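Structural characterization, general
The chain contents come next:
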Amino acid sequence: DSGVTQTPKHLITATGQRVTLRCSPRSGDLSVYWYQQSLDQGLQFLIQYYNGEERAKGNILERFSAQQFPDLHSELNLSSLELGDSALYFCASSVGRLNSPLHFGNGTRLTVT
Amino acid sequence: DQQVKQNSPSLSVQEGRISILNCDYTNSMFDYFLWYKKYPAEGPTFLISISSIKDKNEDGRFTVFLNKSAKHLSLHIVPSQPGDSAVYFCAASAVDSNYQLIWGAGTKLIIKP
């Protein structure tokens, strides 16, 4: 158990809809990362937060947004969903020091129909 | 543009033998490399890392070798055990990617009894 909790585990929705994915980091970790993994692909970095502030942005679409709340949990909002957004979305957390290992949740599988 | 490549989608190894997983990279600025292991329905788990100032790092049955001139790293597992059956991802970071991890697509390791 990594200590990182992601909800929900599965999500099925229709094109054009909006969903929110939730992540609670490991106790003591200040940094939260969001990744997308499409079928048979590596993990694509979306965005990182550190102690409530956005620290780095990757290949995150404008239709996607995220935030980290004062209690350090994070939410990833995906809107105007398209079929191609179907993927596994992972949240990871770390203490935030350079090159500190990431601890991953078990992911949310999003299916857009 | 795949900066981190794992060219073998899968690898099958007899239990007790050595498993060697390979990873190639193109960005000479990468200075930190990590291996993660992923079981089905779980998030990736950190396994071992290596800094570019070293050419070898060992942790129990796991050894990572780095060949900077060839831009190649490998993970050796000796001896291989059934519980090692998983997908293995290599990842790399560099100052010019703001130290965000760039991931390979993964290699599925199957340990045969």
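Cut-offs and rules
Residues numbered from 1 in each chain as written. Chains lettered and ligands numbered in written order. Predicted model: local features only at pLDDT ≥ 70, side-chain atom pairs only at ≥ 80, totals over all residues. Heavy atoms only, no water. Disulfide = S-S within 2.5 Å. Helix = DSSP H or I, 4+ residues; strand = E, 2+ residues; numbered from the N terminus. Buried < 20%, exposed > 50% of the residue type's maximum accessible area, 1.4 Å probe, protein only. Pairing = 2+ DSSP bridges. Axes fitted to C-alpha atoms, helices over the stretch in contact; angles between N-to-C directions. Contact = heavy atoms within 4.5 Å. Phe/Tyr/Trp six-rings, centres within 6.5 Å; stacked < 30°, edge-to-face > 60°. Lys NZ or Arg CZ within 6 Å of the ring centre and 35° of its normal.

**Some remarks on the state of the cysteines**
Residue and element names in this part refer to chain A. Here the structure, examined in full by the defined rule, presents two disulfides over all chains. Across the disulfide from C23 sits C91; the S-S distance is 1.8 Å. Because the sign of the S-S torsion sets the handedness, a value of about -55° for the bond joining C23 and C91 places this disulfide among the left-handed ones. Of the two residues, C23 is situated in strand β3 (residues 19-24) and C91 in strand β9 (residues 87-94); the sequence distance between them amounts to 68 residues. Overall, C23 belongs to the buried group, its relative accessible area being 0%. With relative accessibility at 0%, the residue C91 sits in the buried group.

**Details of the sheet that holds β3(A)**
Residues and elements named next belong to chain A. What the four strands build is an open sheet, ordered β1-β3-β8-β7; its pairing is antiparallel. Only two strands of the sheet have a single partner each, and these edge strands are β1 (5-7) and β7 (64-68). Strand-to-strand twist across the sheet, computed as the mean angle between neighbouring axes with direction ignored, equals 15°. As defined by bridge partners, β7 adjoins strand β8 (residues 74-78) across five bridges and the pair is classed as antiparallel. Residue pairing across strands places F64 opposite L78, the latter belonging to β8.

**Describing the side chain of Q37(A)**
Tracing the sequence through the fold places Q37(A) in strand β4 (residues 31-37). Exposure remark for Q37(A): the relative accessible area of 12% places this residue in the buried category. Beyond its immediate sequence surroundings of up to four residues, Q37(A) is in contact with G42(A), L43(A), A87(A), L88(A), F90(A), K38(B) and F89(B).

**Side note on the packing of aromatic side chains**
In total, this model carries 13 aromatic pairs over all chains according to the counting rule given. Ring centres of F104(A) and W103(B) lie 5.7 Å apart, and the angle between their planes is 85°; this geometry places the pair in the edge-to-face category. Placement of the pair is F104(A) in strand β10 (residues 103-104) and W103(B) in strand β10 (residues 102-103), with the two residues belonging to separate chains. Judged by relative accessible area, W103(B) falls into the buried class, the value being 6%. Taken together, the ring pairs connect Y35(A), F45(A), F90(A), F104(A), Y36(B), F46(B), F89(B) and W103(B) into an aromatic cluster. A cation over an aromatic ring shows up here: R55(A) above the ring of Y50(A), its NZ or CZ 4.2 Å from the ring centre.

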